[in-house]
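The residues making up each chain are set out below.
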Amino acid sequence: MSSAFPHRHLLGIEGLSADDIRFLLDEAEQWVEFNRRARKQDGRLIGLTQINAFFENSTRTLFSFEIAGKRLGAQVANFHVDSSSVKKGESLTDTALTLNAMQPDVLVIRHEANGAAAEVAEVMGCPVINAGDGSGEHPTQALLDALTLRRRFGRIEGLKIAICGDIRHSRVAGSNLHSLPLLGAEVRIVGPEELLPPSPPPGFASFTDFEEGISGADVVMTLRIQRERMEEALSDSLGDYHSLYGLTRERLERLAPNAVVMHPGPMNRGVEIDGDVAEDPERSLILDQVEMGVAVRMACLDVFTRPDRGA
Ligand code: CP
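Residues numbered from 1 in each chain as written. Predicted model: local features only at pLDDT ≥ 70, side-chain atom pairs only at ≥ 80, totals over all residues. Heavy atoms only, no water.

Our next topic: the pairing of strand 3 (residues 106-111). In terms of burial, strand 3 is largely enclosed, as six of its six residues are buried. Along strand 3, one buried face is formed by Val106, Val108 and Arg110 and the opposite face, lined by Leu107, Ile109 and His111, is buried too. Examined bridge by bridge, strand 1 (residues 49-54) and strand 3 share five bridges and lie parallel to one another. By the bridge assignment for strand 3, Gln50 is matched with Val106. As paired strands, strand 3 and strand 4 (residues 128-133) are joined by four bridges and run parallel to one another. The partner of Leu107 across the bridge, within strand 4, is Val128. (Buried < 20%, exposed > 50% of the residue type's maximum accessible area, 1.4 Å probe, protein only. Helix = DSSP H or I, 4+ residues; strand = E, 2+ residues; numbered from the N terminus. Pairing = 2+ DSSP bridges.)

If you walk across this open sheet you meet the five strands as 7-6-5-8-9, and the pairing is parallel. In this open sheet, the two edge strands, each paired with only one partner strand, are strand 7 (205-207) and strand 9 (260-262). Averaged over all pairs of adjacent strands, the angle between their axes in this sheet comes to 20°, without regard to strand direction. (Axes fitted to C-alpha atoms, helices over the stretch in contact; angles between N-to-C directions.)

Tallied over the entire structure, the rule returns 19 salt bridges. The partner of Asp82 in a salt bridge is Lys87, and the shortest N-O contact between them spans 3.5 Å. Judged by its relative accessible area of 59%, Asp82 is exposed. With a relative accessible area of 56%, Lys87 lands in the exposed category. Of the charged contacts in the structure, one is a salt bridge between Glu211 and Arg251, with a shortest N-O distance of 2.9 Å. Placement of the pair is Glu211 in helix 7 (residues 210-214) and Arg251 in helix 10 (residues 249-252), with a sequence separation of 40 residues. (Salt bridge = Lys/Arg side-chain N within 4 Å of Asp/Glu carboxyl O.)

If you trace the backbone, Arg297 turns up in helix 12 (residues 286-304). Although Arg297 is buried, it makes no salt bridge; Asp145 carries the closest opposite charge, 8.2 Å away. Within polar-contact distance, the side chain of Arg297 engages the side chain of Ser64 at 2.7 Å. Ignoring any residue separated from it by four or fewer positions in sequence, one finds Arg297 in contact with Arg60, Thr61, Ser64, Phe65, Ala68, His138, Thr140, Gln141 and Leu144. (Lys, Arg positive; Asp, Glu negative; His and termini not counted. Polar contact = N/O pair within 3.5 Å; in protein donor to acceptor, adjacent residues only side chain to side chain. Contact = heavy atoms within 4.5 Å.)

Neighbouring the ligand are Ser58, Thr59, Arg60, Thr61, Arg110, His138, Gln141, Pro264 and Gly265. For the ligand, an oxygen atom lies 2.8 Å from a polar atom in the side chain of Arg110. Here a nitrogen atom of the ligand sits 3.1 Å away from a polar atom, N or O, in the main chain of Gly265. For the shell around the ligand, the residue count by class is one nonpolar, six polar and two charged. When residues are assigned to domains, the shell around the ligand turns out to be shared by domain 1 (18-137 + 291-304) and domain 2 (139-289), each giving three or more. (Near = heavy atom within 4 Å. Nonpolar A, V, L, I, M, F, W, Y, C, P; charged D, E, K, R; others polar. Domains from an automatic or database assignment.)

Below, the discussion takes up the domain arrangement of the protein chain. As a measure of interface size, the accessible area lost when the parts come together is often cited. The domain boundaries assigned to the protein chain delineate domain 1 (18-137 + 291-304) and domain 2 (139-289). The interface is formed by 32 residues belonging to domain 1 together with 27 residues belonging to domain 2. Counting the surface lost from both domain 1 and domain 2, the interface buries some 2,300 Å², and carbon and sulfur atoms represent 57% of this. Linking domain 1 to domain 2 there are five salt bridges. Our enumeration of links across domain 1 and domain 2 arrives at 13 residue pairs in polar contact (both at pLDDT 80 or more). Looking at the side of domain 1 that touches domain 2, the elements with two or more residues in it are helix 1 (18-34), helix 2 (60-71), strand 3, strand 4 and helix 12. A per-element tally of the side of domain 1 that touches domain 2 places helix 1 first, with 10 residues. Here the residues of the side of domain 1 that touches domain 2 sort into 12 nonpolar, seven polar and 13 charged. (Buried area = accessible area lost by both parts, 1.4 Å probe.)

Shown next as structure tokens:
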């Protein structure tokens, strides 16, 4: 593929091809070593304005987009919903039109509503990157997960990956369930019935028995229970989640010999994952994921602001 990328916005993994994903991962590779240098300054986004509009809290995504933009030379402005005119009743579209009038060159948006990034993209004159919309998609998380796995195993094809926990409410799962099979992984979904998708996507093995679901897996990607997106009754009904679905050291015995553990964060230790598993230097890729997040976001900011990208 040439340097021309055939998409104007990054709204989700759905709609990207395997080649599109591989292209973004290959672009991200160059930034991994760059980010390990003592001095990290590249000038390709000098003169461009990047707005990070976060309507929901974030640590990893917001700060890695900010760091990514600054390392590429962009002027980065962060929009914080709590101190914005959204609190006075301004709509999402009016907020987007207002930000657009300031002539940004790229808008990164996180929002609690599914489809918010697509809605904003309709009125923006610049590329829009979805940094997580409700329980919809979180495409840069899926890209950083893929980059982390590709670097660890040298491939994604053929890996047995168990995505575990609250899949129904997870935009991380929403994106990974598109990207990982496209890249050739064998993906299973594992969790209590009420946290699995209401109609499981075809082609995925699904398990409600955690130990059966993770058996022989090369990768366990465990997800936080997203109580903020649940009815109270569902949240209350989950009971002692850890005893049934918590990733403990004993349960690691069921995985393939060189298996790894991933979590997009933020994690709830003692709920979906134990602290000693999360910190296991042999098994846990959780901080590698964070590191790859900066490289992936640098690649996305670079690729999506190129003048020859898709219409
Ligand atoms: N993984 C992720 O999106 O984390 P944050 O909510 O901290 O950005």
